[in-house]
Amino acid sequence: MRVNEGSIDRFLRVVVGMVLIALVFVGPKTPWGWVGLLPLVTGLVGFCPAYALFGIRTCKLSRPKT
């Protein structure tokens, strides 16, 4: 798996994931907050399967050194 998320994208995914998971414990306390695991994990790993499927990259391409 190659990294296909940029640093801002990864940061936002982690924050949104933590907020959604927090909804399980505080707030409406519905199980829908566990959906936050998806953005949290993809943000921590740096790979989004949907991005790979559609050929999207939000990170800079690394160039080989010459």
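Quick caveat, the model's predicted, so the values are computed rather than measured.

## Section: the overall build of the chain
Broken down by element type, the chain carries three helices and zero strands. N-terminal to C-terminal, the α/β element order of the chain is α-α-α. A compact globule built from 66 residues should have a C-alpha radius of gyration of about 11 Å, whereas the chain, at 14 Å, is more than 25% larger. Projected onto its principal axes, the C-alpha coordinates of the chain cover approximately 55 × 20 × 15 Å. Each of the 66 residues in the chain was classed as buried or not, and the buried ones make up 30%. The contacts in the chain between residues at least 6 apart in sequence include a share of 67% that link residues at least 24 apart.

## Structural notes on a nonpolar patch on the surface
A surface patch of nonpolar side chains, amounting to about 860 Å² of accessible area, comprises Met1, Phe25, Val26, Trp34, Leu37, Val41, Leu44 and Val45. At four residues, helix H2 (residues 37-45) tops the list of elements feeding residues into the nonpolar patch. As for its placement among the helices and strands, valine 45 is situated in helix H2.

What counts and what doesn't
- Residues numbered from 1 in each chain as written.
- Predicted model: local features only at pLDDT ≥ 70, side-chain atom pairs only at ≥ 80, totals over all residues.
- Heavy atoms only, no water.
- Helix = DSSP H or I, 4+ residues; strand = E, 2+ residues; numbered from the N terminus.
- Rg over C-alpha atoms; globule rule 2.2 N^0.38 Å.
- Buried < 20%, exposed > 50% of the residue type's maximum accessible area, 1.4 Å probe, protein only.
- Contact = heavy atoms within 4.5 Å.
- Patch = residues over 30% accessible without salt bridge, like charges linked within 9 Å, V, L, I, M, F, W, Y side chains within 5 Å.
- Areas by Shrake-Rupley, 256 points an atom, 1.4 Å probe, with all protein chains shown as cover.
- Salt bridge = Lys/Arg side-chain N within 4 Å of Asp/Glu carboxyl O.

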